[in-house]
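# Breakdown of the fold
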Amino acid sequence: MIEFITNPIVVTVLLTIAGVGIVLELFSTKFGIAGFIGVFALIVFFYGHFQAGLAGYGTLTLFVVGILLIFLEFFLPGAVAGTLGVAALILSLFIAGEDAMQIGVSIFIAIMISIFVFFMMIKIFGRKLVLFNKMVLFDTARKEDGYVSNINRTDLLGKVGTALTILRPAGTIIIHNERIDVVSEGDFIEQNTKVKVIKVEGARIVVREVK
């Protein structure tokens, strides 16, 4: 059985199953059947190579860490854990392989088939990549929905108030018992002076002294 599991063709099949399983999980909001099948294929791969004496405990530890990081990716924001997990898995595969060239070819074939399945899921089946959606904010804050970056007080244009503090040029005025932070055109304006709102630029309200 060990000889069968470590056969190059069987190794390629196992790695392909694992790669496709991981790809399918990228389109799922939680770890599912495809992910478990992929992990099981990797476990069979490492079991065979461990029993054959090709993989040690260090390699198995690296493999387990990779699996845990990929699993955590479904619960953590961003893609750091998933990227590190995949890197740890690939490195553990190379370490476990008897022949670097042979395992490299098997990994290459598995990656190519996984990439094909990846694009097939997007182009043919129209699936959306959940992992990518976690990394990018697609929601927009539109003014029509009530979102504004700041309060635009255009209603104050042309109104006259009184300087509550000295404007140097920033200060506070009062209009109809409402305290408003403003700036003058650049002139120094004394306290209790009548001022008129001449410009509103977002949260910036410009006033001028009423002569």
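Residues numbered from 1 in each chain as written. Predicted model: local features only at pLDDT ≥ 70, side-chain atom pairs only at ≥ 80, totals over all residues. Heavy atoms only, no water.

### A look at the packing of helix H2 (residues 8-25) against helix H3 (residues 33-51)
In contact at an axis separation of 7 Å, H2 and H3 are set at 150° when each is read in the N-to-C sense. Judged on the interaxial angle alone, H3 and H2 are roughly antiparallel. The handedness of the crossing between H2 and H3 is left-handed. For the pair formed by H2 and H3, the contact residues are Val11, Leu14, Leu15, Ile17, Ala18, Gly21, Leu24 and Glu25 on the first element and Ile33, Ala34, Gly35, Ile37, Gly38, Ala41, Leu42, Val44, Phe45 and His49 on the second. Partitioning the contact of H2 with H3 into residue classes produces 13 nonpolar, four polar and one charged. (Axes fitted to C-alpha atoms, helices over the stretch in contact; angles between N-to-C directions. Helix = DSSP H or I, 4+ residues; strand = E, 2+ residues; numbered from the N terminus. Parallel < 35°, antiparallel > 145°, perpendicular 65-115°, else oblique. Left-handed = near helix turned anticlockwise from the far one by under 90°. Contact = heavy atoms within 4.5 Å. Nonpolar A, V, L, I, M, F, W, Y, C, P; charged D, E, K, R; others polar.)

### Let's talk about helix H5 (residues 80-96)
In this model H5 runs 24 Å from its N-terminal to its C-terminal C-alpha over 17 residues, within 8% of the 24 Å that 1.5 Å per residue would give. Of all the positions in H5, only Ala81, Gly82, Gly85, Ala88, Leu89, Ser92, Leu93 and Ala96 are classed as buried. The buried residues of H5 occupy an angular sector of 135° when the element is viewed end-on, so they sit on one face. Facing away from the buried side of H5, by more than 90 degrees, are the exposed residues Val80 and Thr83. (Expected span 1.5 Å × (residues − 1). Buried < 20%, exposed > 50% of the residue type's maximum accessible area, 1.4 Å probe, protein only. Arc of directions from axis to C-beta.)

### Description of the packing of helix H4 (residues 57-72) against H5
Their axes nearest at 7 Å, the elements H4 and H5 cross at an angle of 155°. As the angle between them shows, H4 and H5 are arranged roughly antiparallel. Considering only the axes of H4 and H5, their crossing is left-handed. Of the residues in H5, those touching H4 at Thr59, Leu62, Phe63, Gly66, Ile67, Leu69 and Ile70 are Ala81, Gly82, Leu84, Gly85, Val86, Ala88, Leu89, Leu91, Ser92, Ile95 and Ala96. Taken together, the residues of the contact of H4 with H5 sort by class into 13 nonpolar, five polar and no charged.

### A word on the pairing of strand S4 (residues 194-201)
Where strand S1 (residues 160-163) lies against S4, three bridges are found, and the strand directions are antiparallel. For Val160, the partnering residue across the bridge sits in S4 and is Lys196. Adjacent in sequence and paired antiparallel, S4 and strand S5 (residues 204-209) are bridged by two residues, among which Gly202 carries a positive phi angle near 70°. (Pairing = 2+ DSSP bridges.)

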